[in-house]
Amino acid sequence: MQGRLEWVDIGILFAYSGVLIWMGVYYARKCRTADQFMVADRTIPAWAAGLAVMSAYTSSISYIATPGKAFDSNWHPIIFSLCIFPVAWVVCRYAVGYYRKARLISVYSFLEERLGAWGRVYAALSFLLYMVGRVAVILYLVSLLMKMFVPCNIGIVIVAIGLITIVYTLLGGMEAVIWTDVMQSAIMIIGILFCAVSLSYHVFSGQEPLIAAAIEQNKFSFGSLRLSLSNAEGLLSSRTIWVMIIFGLTENLRNLLADQNYVQKYSSVPTERAAKRSIWIAMLIYIPLTAVFLYIGTALFAFYSQGGELANVPGMLNAEGKVIGDKVFPYYIATQVPMGLKGLIIAAIVAAAMSTVDSALNCSATVLLLDFYKRYFRPKISERGSVLFLRLATVLWGLIGTGFALLMIRAKSVLDVWWQISGIFGGGILGLFILSLLRVRLRLWQGLTAIGVSIVVISWASFMRASFLDKFGWQIKESWKWAECNLDVVVVGAVGTAALMAVACLFGIVFCCSLIDSCD
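Residues numbered from 1 in each chain as written. Predicted model: local features only at pLDDT ≥ 70, side-chain atom pairs only at ≥ 80, totals over all residues. Heavy atoms only, no water.

**Q** Would you explain the overall build of the protein in this entry?
**A** A count of helical and extended segments in the protein gives 21 helices and zero strands. Scaling as 2.2 N^0.38, a compact globule of 520 residues should have a C-alpha radius of gyration of about 24 Å, and the protein matches this with 23 Å. A principal-axis box enclosing the C-alpha atoms of the protein has dimensions of 80 × 65 × 40 Å. Counting all 520 residues of the protein, 56% fall into the buried class. Restricting to contacts in the protein with at least 6 residues of sequence separation, those with at least 24 account for 83%. (Helix = DSSP H or I, 4+ residues; strand = E, 2+ residues; numbered from the N terminus. Rg over C-alpha atoms; globule rule 2.2 N^0.38 Å. Buried < 20%, exposed > 50% of the residue type's maximum accessible area, 1.4 Å probe, protein only. Contact = heavy atoms within 4.5 Å.)

Here is the structure:
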């Protein structure tokens, strides 16, 4: 499948790239201290920070994968978005105020205060490793999409997008990140709304609207109501509402409470009230935007429900002869969107990728400075030295992420496993933050034991399943069938968090009992 970009579309992409670099140069004048680089001197208005937080939720993965999920199955991802309401209330009520009073920049310093240095180092290191994988995957996927329209080597596309993002991020710091995110969010919303309106015209017109095919196939369902957390069939349509509720609550709580990408953005506003407002602005935009993404996937199913057009598109079917949902939206853009608007929509997809990557680079540089270099190597580093370190770290982490994206061209499966492993080691971070909020104290050996149990549980839930082992041609022996994990993959992180908290609470109970015995 190869689309074609007209000169107008190419001009839009070049103009967009030029504007990003200009914004980096413009905001470089204001980026002369470490605080300006990391939190824009806390001068960002709430609405802009809210759009930036929202952009951290959406990426090129969301732009393609969310419609793909609706095309393949139903609207079950909307449950994840709706779970944001109680999570946002909890974070605003119990965390934001403390973060603001402590003037935190690195959220992981909170763990050192409540648990000790070991908690801070573990969480910060896990975050850094995960960010490398996230940057690599996003650059790789958006470059795959661009290759459908730009007839050049995918490696060149990866390097071009990576370098442009590195340049404006290292020059302008957090202020450039947030204001480019604002622009990118506007482009993304315009592009996605145009696609939704265009599809609506096609699927609702006529005496027998095509949307009826999606309704007949139950494409607007939120998921199964059966009381189960398993998904042995591995089908998205078999995923239960309860699975999505657990996933939505835990993942959204991890994002807003314990992820530097989100905390650093809503920490860049002047006041506590503005920080809370930015979170609600982000959520109130993200939830309807997710519904639009899902609607596009459902409308695409209806649009292509007759005629069998997709079956004749090279590379559109998987090994089982089924249409690959993630490829349908790019195909629609390539074949149905008119000149000019096509360039705008592709720019929107690239914008979604860049808004995630720029945040990852800025936040990784912040964590490297505050949680490692300044904390353990140069506590009295000068302001000028801090800014220099932040810029060098941005370049370094950007080049590492770009390099891993290039490796994915030839070794995608290996890097997928590496990314999964980095996620496993970071799976207990949410548990540590909840324990810190509850003021549960753990000694070093107790904390490491709880983390170790969490890693073991997440490793079992991730790898001891047939769907994973089949990738390598392995099978679970009959004598080990009892140890096979049938939990839905999206609740693995929640299970790991629960295991960590259970072990920590057990230590707390034992400690309380020992105190009672000593008093007696």
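**Q** I keep staring at the environment of Phe 293 and nothing clicks. Help me out?
**A** Along the chain, Phe 293 falls in helix α14 (residues 272-303). Separated by 206 residues in the primary sequence, Phe 293 and Ala 499 place their C-alpha atoms 34 Å from one another. When residues no more than four places from it in sequence are discounted, the contact partners of Phe 293 are Thr 58, Ser 62, Tyr 63, Thr 66, Pro 67 and Ile 192.

**Q** Please explain the environment of Ala 213 as it appears in this structure.
**A** By the element assignment, Ala 213 lies in helix α11 (residues 211-216). Remark: the alpha-carbon pair of Ala 213 and Tyr 304, spanning 91 residues in sequence, is separated by 9.8 Å. Sequence-distant contacts of Ala 213, that is, excluding residues within four places in its chain, are made with Phe 301 and Ser 305.

**Q** How do you make sense of the environment of Tyr 266 when you look at a structure like this?
**A** Within the element layout of this structure, Tyr 266 appears in helix α13 (residues 260-266). Of the residues examined, Tyr 266 reaches a relative accessible area of 1% and is grouped as buried. Distance from Tyr 266 to Ala 160, taken between C-alpha atoms, is 29 Å for residues 106 residues apart in sequence. The residues touching Tyr 266, leaving out its near neighbours within four places in the chain, are Val 53, Val 91, Val 96, Tyr 99, Arg 100, Leu 256, Ala 275, Ser 278 and Ile 279. Among the polar contacts listed, one links the side chain of Tyr 266 to the backbone oxygen of Leu 256, at a separation of 2.7 Å. (Polar contact = N/O pair within 3.5 Å; in protein donor to acceptor, adjacent residues only side chain to side chain.)

Interpretation note: all reported values are geometric properties and have no functional meaning in isolation.
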